[in-house]
Amino acid sequence: MPRVSAIQPTDEELLARVADGDRDAFGDLYQRYARAVLGLAIRRLGDRGRAEDAVQEAFASVWRAARSYKRDRGPVAPWLYAVARNAIADRGRARTEPPAELADSPSDDPGPPEQAEQSWVAYRVHRAMEELPESERTVLELAYWSGLSQSEISDYLAIPLGTVKTRTRSGLRRLSEALEEELG
Amino acid sequence: MSQKTPDFFDLVGDEGTPDELAQLRRAHDMLLAAGPPPELSPRLAEAPAAARSRGHSAWGRRKGAAFLLAGAVAAAAFGVGYLVGDRGSSDFQARGTPIEMHPPAASSPSTARASILIGDRDEVGNWPLLVRASGLKPLPKGQWYELYLTRQGKILAWCGAFNVKGAGRTTVHFSVPYTLKGFDGWVVTSSRQHPRPQVLLTT
């Protein structure tokens, strides 16, 4: 099937072009990160509408701040995460908070450090999934996020069960390699 | 379709060294912990218009959005009128309302527009398309415009290529064999012969 471009620029290349005012590069970077940032915003704000506002503000910040990114200080993903997190926090502060009520007993919900850690992991997982070859990404999405069994995936995609397992393993391996450097 | 949490060994089997399985297990656990990413709403399908100029104020963005909305309304009116005015001149039988295409929000201002009418599927499963475009720049020799089907912003299926002359207006017929319900949008791009192909029109 013809594609517009078979060779994808890296995040760093895209951001360098964004810094030079390249709107196409900004659009490409947006497509790569928008879902991950939206997930982050929904987790932090708990409201889809406000989260969507925060995503737009986050990417407006990315556009404005692209020149401040220094490639030698690390990859784009953590930089963009920090920019997005600040925009989301600003959106969170803009909310009128109702008076807090003290709980009778300690909550089992994760505290702020744990929430931050979970948010970062989810953000990176979602972004890393976007980088997988489509054949592997599709199998993993169906297995983990659509609840299909391996044989259901095999039927759905009309590929042998062995191919489903092979793609699952190679997708997980690739995902792990992409994530372990940053997540430890 | 089952909805239970996937079992690690069901997914990958038990072959491999302990280190290898542990590596796969870490990715498995992270996928479960992360859960699915949210789908983008139509509002977020395109990059925000922030890229129109640096340092826009909130008012500037709202004003820009108002102009975009006004432009979209005008374009829709133009597109519908254009199609209605020309529909009787062809034996093409449309099966719905025209699908309007316009420049992406983050692109340079442009008057380019296109619309797609889908006809009745033929006996062997092909969908006829009637595509009308206007405002596109004539391209140098050896380059052309291309129409693709998309899903979630990804360009997936090539539908045809066309060119324009003079005022950039053209009407072309295509036929595609795909199951259209598997896609959620269309784009027009410059051809791959172009030094840097880009999306020029989108739904």
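Residues numbered from 1 in each chain as written. Chains lettered and ligands numbered in written order. Predicted model: local features only at pLDDT ≥ 70, side-chain atom pairs only at ≥ 80, totals over all residues. Heavy atoms only, no water.

J.: Which residues make up the packing of aromatic side chains, and what values go with them?
T.: Residues and elements named next belong to chain A. Going through the model one piece at a time under the given rule, you end up with ten aromatic pairs over all chains. With 5.2 Å between their ring centres and 65° between their planes, Phe26 and Trp63 make a pair best called edge-to-face. Note that Phe26 is positioned in helix H2 (residues 23-45) and Trp63 in helix H3 (residues 48-65), a separation of 37 residues in sequence. Judged on exposure class, the residue Phe26 and its partner Trp63 are both buried. Pairing Tyr30 with Phe59 gives two aromatic rings, centres 4.8 Å apart and planes at 70°, and the pair type is edge-to-face. One end of the pair, Tyr30, is in helix H2; the other, Phe59, is in helix H3, with 29 residues separating them in the sequence. Assigned by exposure class, Tyr30 and Phe59 land together as buried. In textbook terms, an aromatic cluster arises when at least three aromatic residues are bridged by ring pairs, as seen for Tyr33, Tyr81, Trp120 and Tyr123. (Phe/Tyr/Trp six-rings, centres within 6.5 Å; stacked < 30°, edge-to-face > 60°. Helix = DSSP H or I, 4+ residues; strand = E, 2+ residues; numbered from the N terminus. Buried < 20%, exposed > 50% of the residue type's maximum accessible area, 1.4 Å probe, protein only.)

J.: Tell me about the pattern of salt bridges, and please be specific about residues and values.
T.: Pairs can form between side chains of opposite charge once their charged atoms are near each other. Residue and element names in this part refer to chain A. Under the definition given, this model contains 14 salt bridges over all chains. Arg127 is paired through a salt bridge with Asp11; the nearest N and O atoms lie 2.9 Å apart. Of the two residues, Arg127 is situated in helix H5 (residues 112-131) and Asp11 in helix H1 (residues 11-19); the sequence distance between them amounts to 116 residues. Owing to a relative accessible area of 8%, Asp11 belongs among the buried residues under this scheme. Across the salt bridge formed by Asp53 and Arg91, the nearest N and O atoms sit 3.6 Å from each other. Of this pair, Asp53 sits in helix H3 while Arg91 is found in helix H4 (residues 76-93), placing the two residues 38 residues apart along the sequence. Taking the relative accessible area as the measure of exposure, Asp53 reaches 23% and is therefore partly exposed. Several salt bridges converge on common partners, so that one network encompasses Asp11, Arg32, Arg127 and Glu131. (Salt bridge = Lys/Arg side-chain N within 4 Å of Asp/Glu carboxyl O.)

J.: A description of the nonpolar core should follow, citing residues and the corresponding values.
T.: Residues and elements named next belong to chain A. Counting residues in each nonpolar core, the largest one holds 38 residues, and the members touching the most others are Leu15, Tyr33, Val37, Leu80 and Tyr123. Only H1, H2, H3, H4 and H5 provide two or more residues apiece to this core. Broken down by element, this core gets its largest block of residues, twelve residues, from H2. Each residue touching Leu15, except ones within four places of it in the same chain, is listed here: Leu29, Val62, Ala66, Tyr69, Val76 and Trp79. By size, the runner-up hydrophobic cluster in this structure holds 28 residues, among which are Val125, Leu140, Trp145 and Leu148. (Core = buried A, V, L, I, M, F, W, Y, C linked by side-chain atoms within 4.5 Å. Contact = heavy atoms within 4.5 Å.)

J.: How would you sum up unusual backbone geometry? Please name residues and give values.
T.: Glycine aside, the phi torsion of most residues is negative, and most peptide linkages are trans. In the Ramachandran plot, Ala158 of chain A falls in the positive-phi region, its phi being about 55° despite a non-glycine side chain. Relative to the elements of secondary structure, Ala158 of chain A occurs in the loop between helix H7 (150-157) and helix H8 (161-183). For Gln152 of chain B, which is not glycine, the phi dihedral falls at a positive 50°. Tracing the sequence through the fold places Gln152 of chain B in the loop between strand S4 (145-151) and strand S5 (154-162).

Without other data, these values stay purely geometric and don't point to any function.
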